[in-house]
Amino acid sequence: MKKKMISAVMAVAVAAGLMACGSSSADSAVSTSATSAASVQAQSSSDAETSSADTSAAASASGTITGDGVGTAGTLVMATNAEFPPYEYHDGSNDEIVGIDAEIAQAIADKMGCKLQIEDIAFDSIIPEVTSGKADMGMAGMTVTDERKKSVDFSDTYAEASQVIIVKNDSAITSPDGLKDKIIGVQTGTTGDIYATDDFGDDHVERYNKGMEAVQALSQGKIDAVIIDREPAKVFVADNTGLKILDQAYTTEQYAIAVEKGNTALLNNINAALAELKADGTLDKIVSKYITAE
Ligand code: ARG
């Protein structure tokens, strides 16, 4: 019965041109999902006619993952900045973008019946890309902040994170207080950038396009510390000798996926998918593939 209702909902959505993913409208790149959506439509068109009134209520009540809310037919476009291991980075061997976010996004797209397309852009271009509708979602180890909430809507959170301080092994800096009057390297537009600028002043913040570049500048003695998210910090410190992460974190924060303000259809789909991926252990499995417990 439930299956029949879902089919009917899909048929109605396809007919109304609302369903962006798995749409049957001339999209050869997604021929498999287009075919299945089309056959669902054909199969259940009579149900749809007779039960369209109650199916829309059923769809919103049960949080069914319909694929609705995506701008590009058949494709969920994710904007990211793939300079952020282990969340998103280029796999050395074939330059593919891999990582925790890339895998979670693929799992969400699968549940929505969409193809995933990842766009690698500057971190501070991700929110503009989402607000302009060029990307369906921004997923980039992105911290939820009140300021960002003014321009985008955030999904449920999917990771706990923190900003940490990286210094040279022989540094006199031992805690966040020690950063006063020092030069702090950050990735442009990140929460590390925003909070360090607030706390220590613009003159004390050196901005880099990539977190790794900030860490290299620290290695070379050009700056005194780097503020960056803990997991990439661990990767960068392991790749550069003579650096350490201070025990005391600078902030704690949470990661979520950003969508265009008011796109509740997509937001509901993402949240429903995330809930399923959390409940069935997929999320934990993806995380533990990239982050080994300490
Ligand atoms: N969590 C930080 C923020 O939201 C940094 C994220 C940087 N992500 C990236 N893919 N470079 O501002």
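Summarised in this report is the structure supplied together with it. Every value quoted in this text rests on a predicted model; they were computed, and no experiment measured them. (Residues numbered from 1 in each chain as written. Predicted model: local features only at pLDDT ≥ 70, side-chain atom pairs only at ≥ 80, totals over all residues. Heavy atoms only, no water.)

**A few points about unusual backbone geometry**
Most peptide bonds take the trans configuration, and most residues that are not glycine carry a negative phi. Here Pro-85 and Pro-86 are connected by a cis peptide whose omega angle stands at 5°. Note on placement: Pro-86 falls in the loop between strand 2 (83-84) and strand 3 (88-90). Although it is not a glycine, Asp-181 sits at a positive phi angle of roughly 70°. Structurally, the position occupied by Asp-181 is in the loop between strand 8 (159-168) and strand 9 (184-187). (Helix = DSSP H or I, 4+ residues; strand = E, 2+ residues; numbered from the N terminus.)

**Some words on the site of the ligand**
Not every one of the 15 residues close to the ligand is listed here, only the nearest: Ala-140, Thr-143, Arg-148, Thr-191 and Asp-229. At a separation of 2.8 Å, a nitrogen atom of the ligand approaches a polar side-chain atom of Thr-143. Here an oxygen atom of the ligand and a side-chain polar atom of Arg-148 are 2.8 Å apart. Out of a free accessible area of 350 Å², the ligand has 100% covered by protein chains. Here the residues of the shell around the ligand are counted per class, giving 5 nonpolar, 6 polar and 4 charged. (Near = heavy atom within 4 Å. Polar contact = N/O pair within 3.5 Å; in protein donor to acceptor, adjacent residues only side chain to side chain. Areas by Shrake-Rupley, 256 points an atom, 1.4 Å probe, with all protein chains shown as cover. Nonpolar A, V, L, I, M, F, W, Y, C, P; charged D, E, K, R; others polar.)

**Looking at the sheet that holds strand 2**
Spatial strand order, 2-3-4: 3 strands in an open sheet with antiparallel pairing. The open sheet has two free edges, formed respectively by strand 2 and strand 4 (97-98), since each of these has just one partner strand. Where strand 3 lies against strand 4, 2 bridges are found, and the strand directions are antiparallel. Bridged to Tyr-89 within strand 4 is Val-98. (Pairing = 2+ DSSP bridges.)

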